[in-house]
Amino acid sequence: MEVFAEFLANIDNPQHRERTEEVLAWVTKKFPHLMPKIAWNQPMFTDHDTYIIGFSVAKHHLAVAPEKAGVDHFSDEIVQAGYDHTKQLVRIKWDSPVDYSLLEKMIEYNIFDKADCSTFWRK
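Residues numbered from 1 in each chain as written. Predicted model: local features only at pLDDT ≥ 70, side-chain atom pairs only at ≥ 80, totals over all residues. Heavy atoms only, no water.

Colleague: Teacher, can you tell me more about the nonpolar core here?
Modeller: Judged by nonpolar contacts, the single largest core of 29 residues is most densely connected at F55, L103 and I107. Every element with two or more residues in this core is listed here: α1 (5-9), α2 (14-30), β3 (50-57), β4 (61-65), β6 (90-93) and α5 (100-113). The element best represented in this core is α5, accounting for 6 residues. (Core = buried A, V, L, I, M, F, W, Y, C linked by side-chain atoms within 4.5 Å. Buried < 20%, exposed > 50% of the residue type's maximum accessible area, 1.4 Å probe, protein only. Helix = DSSP H or I, 4+ residues; strand = E, 2+ residues; numbered from the N terminus.)

Colleague: Just to check I follow, could you spell out the sheet that holds β4 for this structure?
Modeller: Hydrogen bonds between backbone atoms are what pair the strands of a sheet, whose relative direction is either parallel or antiparallel. Ordered by their spatial adjacency, 6 strands build an open sheet running β1-β2-β3-β4-β6-β5, and the pairing between neighbours is antiparallel. At either end of the open sheet lies a strand with only one pairing partner, and these are β1 (35-39) and β5 (84-85). The pairing of strand β2 (residues 42-47) with β3 spans 4 bridges and is classified as antiparallel. Bridging from a neighbouring strand, T46 pairs with Y51 of β3. Each of β2, β3, β4 and β6 is contacted by α5, which is oriented at about 150 degrees to β3, the strand it contacts most. (Pairing = 2+ DSSP bridges. Contact = heavy atoms within 4.5 Å. Axes fitted to C-alpha atoms, helices over the stretch in contact; angles between N-to-C directions.)

Colleague: Can you walk me through α5 in this structure?
Modeller: Because an α-helix packs 3.6 residues into every turn, residues spaced three or four apart end up facing the same way. Between the first and last C-alpha of α5 there are 20 Å, a value that for 14 residues agrees with the 20 Å anticipated at 1.5 Å per step. Within the span of α5, buried status applies to L102, L103, M106, I107, Y109, N110 and I111. (Expected span 1.5 Å × (residues − 1).)

Colleague: Got a minute to help me understand the pattern of salt bridges in this structure?
Modeller: Oppositely charged side chains are able to pair whenever their charged atoms sit close together. For the coordinates displayed, the defined rule picks out 7 salt bridges. The salt bridge involving E67 is made with K114; its shortest N-O contact spans 2.8 Å. In this pair, E67 is assigned in helix α3 (residues 67-73) and K114 in the segment after α5, connecting sequence segments 47 residues apart. With respect to class, E67 is no different from K114; both count as buried. A salt bridge links R91 to D84, with the shortest nitrogen-to-oxygen separation between them at 2.4 Å. Taking relative accessible area as the criterion, D84 reaches 42% and is therefore assigned partly exposed. (Salt bridge = Lys/Arg side-chain N within 4 Å of Asp/Glu carboxyl O.)

Colleague: Hey, could you run me through α2 in this one?
Modeller: A rise of 1.5 Å per residue sets the reference length of α2, with its 17 residues, at 24 Å; its end C-alpha atoms lie 24 Å apart and thus fit the reference within 8%. Buried residues of α2: H16, R19, T20, V23, L24 and V27, and no others. Seen along its axis, α2 keeps its buried residues to an arc of 125 degrees; they face one direction. In this structure, α2 carries Q15, E18 and K29 as exposed residues pointing more than 90 degrees from its buried face. Buried residues in α2 make contact with α1, β2, β3, β4, β6 and α5. Here α2 starts with a cap whose side-chain oxygen sits 2.8 Å from the backbone nitrogen of Q15, and that cap is N13. (Arc of directions from axis to C-beta. Polar contact = N/O pair within 3.5 Å; in protein donor to acceptor, adjacent residues only side chain to side chain.)

Colleague: Teacher, can you tell me more about the packing of aromatic side chains here?
Modeller: Where two aromatic rings form a pair, the distance of their centres and the angle of their planes describe that pair. Taken as a whole and judged by the stated rule, the model has 10 aromatic pairs. Ring plane angle 75 degrees and centroid distance 6.2 Å describe the contact between W26 and F31, whose orientation is recorded as edge-to-face. With a centroid separation of 4.9 Å and an interplanar angle of 45 degrees, the aromatic rings of W26 and Y100 are classed as tilted. Residue W26 is located in helix α2, and its partner Y100 is located in helix α5; the two are separated by 74 residues in the primary sequence. Through pairs of rings, three or more aromatic residues link up here, namely W40, Y51, F120 and W121. (Phe/Tyr/Trp six-rings, centres within 6.5 Å; stacked < 30°, edge-to-face > 60°.)

As far as function goes, none of this settles anything; it's purely spatial.
Encoded structure:
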């Protein structure tokens, strides 16, 4: 989690900082083989140098970015969880619970789907 320390320290709202830290710590513990990193000023996790999932902080939500393929694959479950989404990201409102089972499925999907991927992003 050291890699995320500066990012987290720059989140002004203590509740937003705590929630973001909780989610990043969960990913780190659940998927210890993923490489945590900061890129484009955002926390993310990679596997064999390919992007798996990233996060960003906005005024009203924590954004989860499993790439377009991840959002497309789980769009029904994202809506069922009560989250809003775009083509590229899922918005978890700060006052909403984190659906960790859905987050786990998105990460596992990307790990499996990108097992043979040799680029950072899907082509």
